[in-house]
Structures are given as structure tokens and as C-alpha cells.
Amino acid sequence: MSAMIGHTEDDDLLMFALGLLTPEETAAVSAAVEADAGVRSRLAAVRSQMGAYLQSAVVLDEVPEQSLDRLMGRIAEERKVVPIGTPVRERAAAAAPTFGMTRGAAARDEAAAGRSGRVLPWVGWAAAAGLAVAAGTLYHERAGIEAQLEQRNGQVAQVSNETAETRRERDAMAASAMEQRRKIDELTAAQTGAQDALATAKQGEAKTAAQVEALRAEAARQAAAASGRATQVSQQAQQVSQLTAQLAAAEQQRSALQGQVSSQTATLASEQAELARLRTEAASAREVLDALTDRTALRVTLTKPKGKPEPTGRTTYVASRGTLVFQGNNLEPLAANKVYELWLLPADGGAPVPAGTFAPDARGNASLVTPRLAGAVAAKAFAITVENEGGATTPTMPILLVGAAG
Amino acid sequence: MSRNPDASDVSTAGIETDSDLLARLGRGDETAMTQLFARYSRLVYSVALRVLHEPSVAEDVMQEIFMQIWRNPGSFSAARGSLGGWLSVVARNRAIDVLRRRRPTDSVDDLALAAPVDLLATAEHNVMLERVRVVMAKLPEEQRRSLELAFFEGCTHSEIAERTGDPLGTVKTRIRSALLVLGKAFQG
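Predicted model only: the values in this text are computed from it and were never measured.

A. Region of the structure containing the sheet that holds strand β4 (residues 338–346) of chain A. All names here are of chain A. One open sheet holds the four strands; their spatial order is β5-β4-β7-β8, and the pairing between them is antiparallel. Either end of the sheet is taken by a strand with one partner, and the two such strands are β5 (353–358) and β8 (401–404). In this sheet, neighbouring strand axes are inclined to one another by 20° on average, regardless of whether the strands run parallel or antiparallel.

Right, dumping it as C-alpha cells:
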């Protein structure tokens, strides 16, 4: 550690600042610090680092309760006991050497006493001298005491001044305290005002909240009503939907029934038509049969004027009914697009009336039945011509067969 | 103020500096004492408690330090360093004295701290403290442990060597390295 005096390391300064060196080491570093301004400033830097380290390393705790009260209590007590504080003590210490002088005078008395003991003839003078010395000493002491007194007076004056100064400070502090009290009152008043405002605001808030609550309830009620209506509408819609479905089903049924009815009606119509046809046929057949069996029917056999075999035709005609039956024999075959046509020659001499067309079979036989001849009139004769297929309205010459009623 | 109980904290900078408070203390203003206590009592108490582990004893140390500031507010010159740093060193040293039951080794007056940063440069000061905190957290465990033994348990080099079982030279090297890192962080 002796090297430290010449060359003090920072870590030695640290241990020094931490008070962790031996007394010898401490003395050595102290000497270095005293002697070297550079070491002093390095020591200060190390102490700064210590402060920073401590502040960063320590987790802050809360101080015990009443700590501040205790401190302020001690301060108040110290103010009471020593109103002016340390300067008095310092002055007392400074005054101490003055008393040391008294001890010095006593020593000189002893020395003087020793001398008087050894040199008896000089006792009286010595005594006188001693007294003089003592008197001188006393004078000095008196002077010293006077000086002390003077000093004390000065101190007292100073103390009075300081007291006056302290009083002024106290007054100033009192004024300051008054000012603070006033500020506190102002703040309290402001706080009260703010609290009132807060209360008012709270009331307003409560009112608003109540209104909001009422509106909310109303809204809820409306919502419930709307919900009810919605349910009704929904139910109605459901009913409508059901009815629509039923209607559709009914419509379908109706349509099906209509179809049935329509088809039955058609069937009925066709059956009725068939019935009517059968009835007509039956009537025609009866009329033919009646004509054939009628005793009043005119029966004529027609023959070719020359040649053999002779083509012949027989016509049976009931003029009152218009029923006509013709039968032909030995008729000559015709070209493909030709037919025979029978003509009624009216008795009144009118134009020949067409009475039907026919074609002969392979043996030359043919028959024609016309149940109701249109424009049936009394006949004087019948004639046959060859016409184009489909018949004609006027006979085309020559007349192949002819027969007169007779 | 919760983390860095420093007078130059932004929240208080606008109100009154530590120097202002100390000046008012010099005029016997007790309200200044109340404010100073609010600023630094937790720091002083916590440092003492870290060393002493006894709340009542730590509180006594704190009370004594604040009484000394009251009696002699001029002992700290704010122009020369951070009041927080100064108070934490004083608190640590008083607490170690109590721990070792011996008379105070140094008087409050002796402890002047260097001021590498302007006290009023609050942000910078707080940044520095944060930097120190980060650097210390990264320190190797044995270095950090050695520093803690010296600071909070008052162990000398040889006592640390005895406690850790490491050679004295190693212990010294560790503390020297830790201090170097600390110094660098402190200077930025």
C-alpha cells in the first residue's frame, strides 16, 4: 500500500471512500489526497460514481410512518433549546484560549515562588516584586477580563442583532405562513366550489340517466309491440301461405275434374253422334225396305236399244219420300276416271236432277241406294250417262240407258 | 420521483431546485426540510436499510443524516454534484459505521462529489443513472457480488477474498474492472 502515496489507484480511492482501508492505508491515502489536487479530484469522481452506483443498485422502500413527524419534532426541539444554533458554541471554543492565559500566569507565580525560596535576603523585595508581579498579573487578568467583557458585550449586541434578525425572519415566516394559510383557504373555497359543481353535474347526470332510462324503457316497449305485430304478421303470412297452398291444390283438383268432365263430355258427344248415325241408318234402311216392299213403287227394266248382251237397269223410286234404289246389269266397264250417273227427269219437264253416281263391278252389275233425294220431284223418266269422276250437274251426252215411267 | 429520487427530476425541476431548498434551509425554513425529506427520505432510508436490514436502525441513520443537513445545510455544495448521490454515499457510510459500531469515519463536510454533469440537465442525469443501472445489470456475477460485499456489507478486499474463497489479487482486479465499467457508464 506504500505505492499509493506516489500512485494511488482509483480502486484504492474507492476503498478509501468506502472506509474499508486499514488505519495505515487510510493515513497514506489521506496524505496523497492532501498533497495532490489531481488525487483529490479523482477521489471526488470516485465518490460520484459511488453515488450513482448506490442510486441504481438500491430498490426504494417506503420510510416508516411518522418519520417526518419525528424529524420535524426534533428540529422544533432543537430550535427551542439553542435558538441561535452552533455559532455560540463556536464562539465559546474560540474564547477558550483566553482562559489558557490564566493558567500561564499561575505557572509564572510558581516560578516566582521558587525563586523567593532560594534567595532569602531579597525576600521583602521579592515579596514586593512578587506582589507587583501579582498586581501586574492581576492587572493583566483584569484587562483580560475587561477585554472578555468587552467581547461578551459585543457578543450580546451581536446576539441581540441576531435575535432581531431571527425575529424579522420569524415575522417574515409568519407572514409567509399567513399567506399560505390564505392560499389554502382560497384553494379550499375553490375545492368546495368545484365539489358543488361536481354535485350539480352529478345531479344533472342522474337526471339525464333517468331520462335515458325512460327512453330506453319506451324503446323496449315499442320494440316488444313491434315484435308482437311482427309475430302476428308472420302468423298471418303463414296462414296466407297455407291458404294459397290449399287454393293451389283445389285449383289442381278442379282442373283435373274439368279434364275428366271435358273428356266425358267428348265421349258423350261422340256416343250421341254415333247414336244419331245409327238412328239415321236404321231409318234409311227402313225406308229402303219400305220402298222395296212398297206396293206403290214404280218398277222399270231398262235395256240397250241394240246388241247383246243387253245392259239393263231397274230403278225403284218413291217420290213422296225421295227414296230411290237403282240396280244395273251387263253394264260396260268404264275408264278409270269415269263414273255412271243416274238422272231423274222431272215430270214437269224441268232440268234433269242428278240422282247419284256409281261404278259397275266386274260382271257389269251395280246398285245405288239414295234414301232421300235432294229436290225430289215427280219423275217422268230416268236416264244414265257417263260422267267424269265426282259427277256433273248437267248430263253429258250420249244417254246410255233411259226408261220412261209408265 | 418513484424511481430516481433526484432533485433534478423533471416533475420537480419546475418547482424548486435542490440548491434553492438548501438555501431556504440555511435561512431556517422548516418547509424546505419537509420538501427535502419528501425528495430524499426514501433513498437515504433504503440505502441504510440495504446495509442494516433493520427498519428501526435504518430510520435512526436517516433521522441523523437529515438532522445534520438541518444543522449544517452548507456542508453540501450543490454546484459540485448531485444531492442524491451525495446523500446515498453518506447514508451508506453512516450505516456501515453503525454496522461496525464505530465512530463516524468521515464528517459530512468531507464528502464532496464531482459534478461531471450539470445538475440542471435533468434528462441527462437520469439517462446517466439508467445507463449505470443497465451496465451494472450486465456485470459478471462475481464482479457485482464483490461490489455489493464492499458497498453493503462493508467488506475489505481481504474480507471479500475470505468470503468468496478467491485470491486477494483476483478480488482487487474484479473491483477495479467493475469500477472501470462504472466510471465509463458515468461519463457516458
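B. Here's a closer look at unusual backbone geometry. Residue and element names in this part refer to chain A. In the segment running from Met397 into Pro398, the intervening peptide bond is cis, with an omega of -5°. Mapped onto the secondary structure, Pro398 falls in the loop between β7 (379–388) and β8. A positive phi angle, close to 70°, is found at Gln66, a residue other than glycine. Turning to its location among the elements, Gln66 is positioned in the loop between α4 (37–57) and α5 (67–81). Phi angles above zero are rare outside glycine, and Asn330 is one such case at about 55°.

C. Region of the structure containing the side chain of Gln63(B). Within the element layout of this structure, Gln63(B) appears in helix α4 (residues 55–71). By relative accessible area, Gln63(B) is classed as buried at 1%. Those residues in contact with Gln63(B) that lie beyond four places of it in its chain are Ser67(A), Arg70(A), Leu71(A) and Arg74(A).

D. Examining the interface of chain B and chain A more closely. On the side of chain A, 40 residues touch chain B, which itself brings 67 residues to the contact. Interface of chain B and chain A: buried area, both sides summed, is about 5000 Å²; carbon and sulfur atoms make up 63% of it. Counting across the interface, chain B meets chain A through six salt bridges. Residues Arg71(B) and Glu78(A) are paired through a salt bridge, measuring 2.7 Å at the closest nitrogen-oxygen approach. When residues in the side of chain B that touches chain A are grouped by element, the largest group, 12 residues, is from helix α3 (residues 30–52) of chain B. Among the residues forming the side of chain B that touches chain A, the class breakdown is 31 nonpolar, 16 polar and 20 charged.

The rules we used
- Residues numbered from 1 in each chain as written.
- Chains lettered and ligands numbered in written order.
- Predicted model: local features only at pLDDT ≥ 70, side-chain atom pairs only at ≥ 80, totals over all residues.
- Heavy atoms only, no water.
- Pairing = 2+ DSSP bridges.
- Helix = DSSP H or I, 4+ residues; strand = E, 2+ residues; numbered from the N terminus.
- Axes fitted to C-alpha atoms, helices over the stretch in contact; angles between N-to-C directions.
- Buried < 20%, exposed > 50% of the residue type's maximum accessible area, 1.4 Å probe, protein only.
- Contact = heavy atoms within 4.5 Å.
- Buried area = accessible area lost by both parts, 1.4 Å probe.
- Salt bridge = Lys/Arg side-chain N within 4 Å of Asp/Glu carboxyl O.
- Nonpolar A, V, L, I, M, F, W, Y, C, P; charged D, E, K, R; others polar.

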